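Reading the structure
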Amino acid sequence: MEQYDQLYRLYQGTDTTTLRGYQEFVDLFPPLSSTVALEQWETASDRLEELKAEITDDFPGTGDTYAEIAARLTRDEAFTALDLYSKYGRSVNALVLDVDETLRSAGDTDNEIPRNTLYLLTQFYEEGVPIVVCTGQTLENVKGFMIQGLGNDLVSSGQMSIVYESGNGVFTPKHGQDTKRLLYERLDDAVVDVFEHVRGRVLSEAPEDVRHRCHLQGNEFNVTLKPNAEVGSDDAVEIIDESLRYLCGLVGEAIAAQVDADVADPAGYARSYFSRDPEILDVLEAGGLSTDADIGDAPDAFRDIVERVDLGYYEGDAAELVSLELDKSAGVEEAFDVLGIDDPFALVMGDSKSDLRVMRWIEDHDAGIAAAPAHASGDVVDHVSSRDGLIYEAGDASTVLRTVYGISLIERLDEQSE
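These numbers come from a predicted model, not from an experiment.

Bringing the nonpolar core into the picture now. With 134 residues, the main nonpolar core has L7, I69, L95, V198, F274, L347 and I369 as its most contacted residues. Setting aside chain neighbours within four positions, we find L347 in contact with V92, A94, L95, V96, I369, A371, V400, L401 and V404.

Quick look at the structure:
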C-alpha cells in the first residue's frame, strides 16, 4: 500500500506529461552537428534534470527512482507495473520477442521497428537483460534488420539470441561452438525426408497460379511459400489461401511416399488432420475441398509422421510446413540454455499461434508474462487477456516494454525501502 500511495502522490502532484516529453526528446533526439539543434537539446536536458531534481527532493531516499518512473512511464503504465510486481514478486530477466506484427506492423509502422521501441530495447540491453528475437524468418533476414535497428555491437554482444524459422535454429554470437545450434539436425530421417520431398516438388509441380504468384522462402529447413504481392493485400490473401490448399495435399502425398504404404487418399487424410485448425478448415472449405476423410483409417506409419508435422497459415503472408518438434518454444529453451538463463522470468511478445506455444510454455513453467497486439490471433488475445491483459495497439509495443521496464524500477523501490 505504501508504494501505491507514493505512486498516487507522484502522479497527482507532478506534471509527468511534460517530464516524459523532455525525457523522450533527450533520448530520441541526441545532440547533432547543428548549433541550433545542440542548443535545443542542451536546454531540454537541463530542464529535464531540474524537473527530476524536484521529484528527488520530494521523495527522500527513493527520489531518483521515482523520478525515473515519472519520466518514463504514464500513470497507467506505472500502476500496471506495480500490480505485476505485486503479483509475481520479481522483474523480467529476459525478453522473448516476435518481430512482424509484434514489434513492427505493416499497416501502422511502415514495417519498421519504431525508434522508441528500439531505444527501449537498447535500455534493457544496457541493464543486462538478454534479448531473444523469435521469428519465422530466415536468419540472414533477421540479422540484417536487427543490425540496422540496434547496431552490430548489440546484436553481436553475446546478450542477444535469434531463434529463426520458428525454432529450427538458434544463433547466439560469441558463444563458441554454441553460437549456432541447428535443431533440425536432431530430427529422424523419416521426417527430414518428408520435408525434402515437399521442398523438391512444391514449386515445380504447383498449379500454374501458385507457381507464378508466390515464391519459396530461402529457409534452412522449413518449407514456406510467400506471396509475390504486398503482404496482407487481397491478391496476397488469395494466393496464400490457394497455396495452403495445394501444400496440404502435397504433404499428404510426401508422407505416403515416405512410409511406402498403400494409402488410399493421402491428400484427403492430410486435409482431415490439418483441418482441426479452424482457420485452415475455413480455407479448405472455401476452396471446395473435402475434409471428411477419417484420419483413423490411415495406416499407422502415415499417422505417426503426420502427427509430427504441422501447417502454418498466416493470412495474406505465408503458408508453410513445419515440424512440431521444432517450434518456437523449443528454440527459446535452447536460447536460454546458451545465454545461461537458469531461472527465466521472461516477457514474451507475439501475435501468432507459434508465439502462443511459447506463451503456454512460459505459463506452464511459471517463467514469465505474455503480451500481444490487439490484432493478434484470437487464441493469442484470449490467452493474454486471461492472464495479465497486456494487450496493446498495433505498432505500440513500447507501451508494454515501458511497463515491464517499470517493474524493475518498482523492484528497486522495494529494495531501497528495506
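Our next topic: the layout of surface pockets. The space that makes up the second largest pocket amounts to roughly 240 Å³. Taken together, 14 residues make up the lining of the second largest pocket; nearest its centre are R20, E24, R72, N116 and R402. If you list the elements that add at least two residues to the lining of the second largest pocket, you get helix 2 (16-28), helix 4 (63-72) and helix 6 (115-126). Ranked by residue count, the leading element in the lining of the second largest pocket is helix 2, at five residues. For the lining of the second largest pocket, the residue count by class is four nonpolar, four polar and six charged.

Here eight strands make up an open sheet; going across it, the order is 5-4-3-2-1-10-11-12 and the pairing mixed. Among the strands making up the open sheet, the edge pair consists of strand 5 (180-182) and strand 12 (391-392). Of the pairings in the sheet, the one linking strand 2 (residues 131-134) to strand 3 (residues 160-164) comprises four bridges and is parallel in character. By the bridge assignment for strand 3, C134 is matched with V163. Across the sheet, helix 16 (residues 353-364) lies against strand 1 (94-97), strand 2, strand 10 (346-349) and strand 11 (368-373), angled at about 155 degrees from strand 10, the strand it touches most.

Direction vectors running N to C along helix 1 (residues 2-13) and helix 4 enclose 60 degrees, while the axes themselves pass 11 Å from each other. By the angle class used here, helix 1 and helix 4 are oblique. When the axes of helix 1 and helix 4 are compared, the crossing they make is right-handed. Two secondary-structure elements touch here, helix 1 through Q3, Q6, L7, L10 and Y11 and helix 4 through Y66, I69 and A70. Of the residues contributing to the contact of helix 1 with helix 4, the split by class is six nonpolar, two polar and no charged.

What follows deals with the sheet that holds strand 8 (residues 309-314). Strand order in this open sheet of four strands is 6-7-9-8, and the pairing throughout is antiparallel. Among the strands making up the open sheet, the edge pair consists of strand 6 (214-216) and strand 8. Across this sheet, the average inter-strand angle for adjacent strands is 20 degrees, counted without regard to direction. Two elements, strand 7 (residues 223-227) and strand 9 (residues 318-323), share three bridges in a ladder whose sense is antiparallel. Along strand 9, the bridge assignment pairs L225 with A319. Here helix 11 (residues 234-259) sits on the sheet and contacts strand 6, strand 7, strand 8 and strand 9; the angle it forms with strand 8, its principal contact strand, is near 175 degrees.

Position of R357 relative to the elements: it lies in helix 16. The spacing of R357 and V99 is 258 residues in sequence and 16 Å in space, taken between C-alpha atoms. Dropping the residues within four chain positions of it, R357 is found in contact with D310, L324, D327 and S329.

Note: most peptide bonds trans; most residues except glycine with negative phi. With a phi angle near 65 degrees, E101 is a residue other than glycine that sits in the positive phi range. Looking at the secondary structure, you find E101 in the loop between strand 1 and helix 6. Judged by relative accessible area, which is 24%, E101 ranks as partly exposed. The phi dihedral of K174 is positive, around 65 degrees, even though this residue is not glycine. Here K174 shows up in the loop between strand 4 (169-171) and strand 5. A relative accessible area of 67% places K174 in the exposed class.

The rules behind each value
- Residues numbered from 1 in each chain as written.
- Predicted model: local features only at pLDDT ≥ 70, side-chain atom pairs only at ≥ 80, totals over all residues.
- Heavy atoms only, no water.
- Core = buried A, V, L, I, M, F, W, Y, C linked by side-chain atoms within 4.5 Å.
- Buried < 20%, exposed > 50% of the residue type's maximum accessible area, 1.4 Å probe, protein only.
- Contact = heavy atoms within 4.5 Å.
- 1 Å grid on protein atoms, 1.4 Å probe; cavity = no way out; pocket = protein on both sides within 12 Å on 5 of 7 lines; lining within 4 Å.
- Points joined across faces, edges and corners; volume = space filled by probe spheres on them.
- Helix = DSSP H or I, 4+ residues; strand = E, 2+ residues; numbered from the N terminus.
- Nonpolar A, V, L, I, M, F, W, Y, C, P; charged D, E, K, R; others polar.
- Pairing = 2+ DSSP bridges.
- Axes fitted to C-alpha atoms, helices over the stretch in contact; angles between N-to-C directions.
- Parallel < 35°, antiparallel > 145°, perpendicular 65-115°, else oblique.
- Left-handed = near helix turned anticlockwise from the far one by under 90°.

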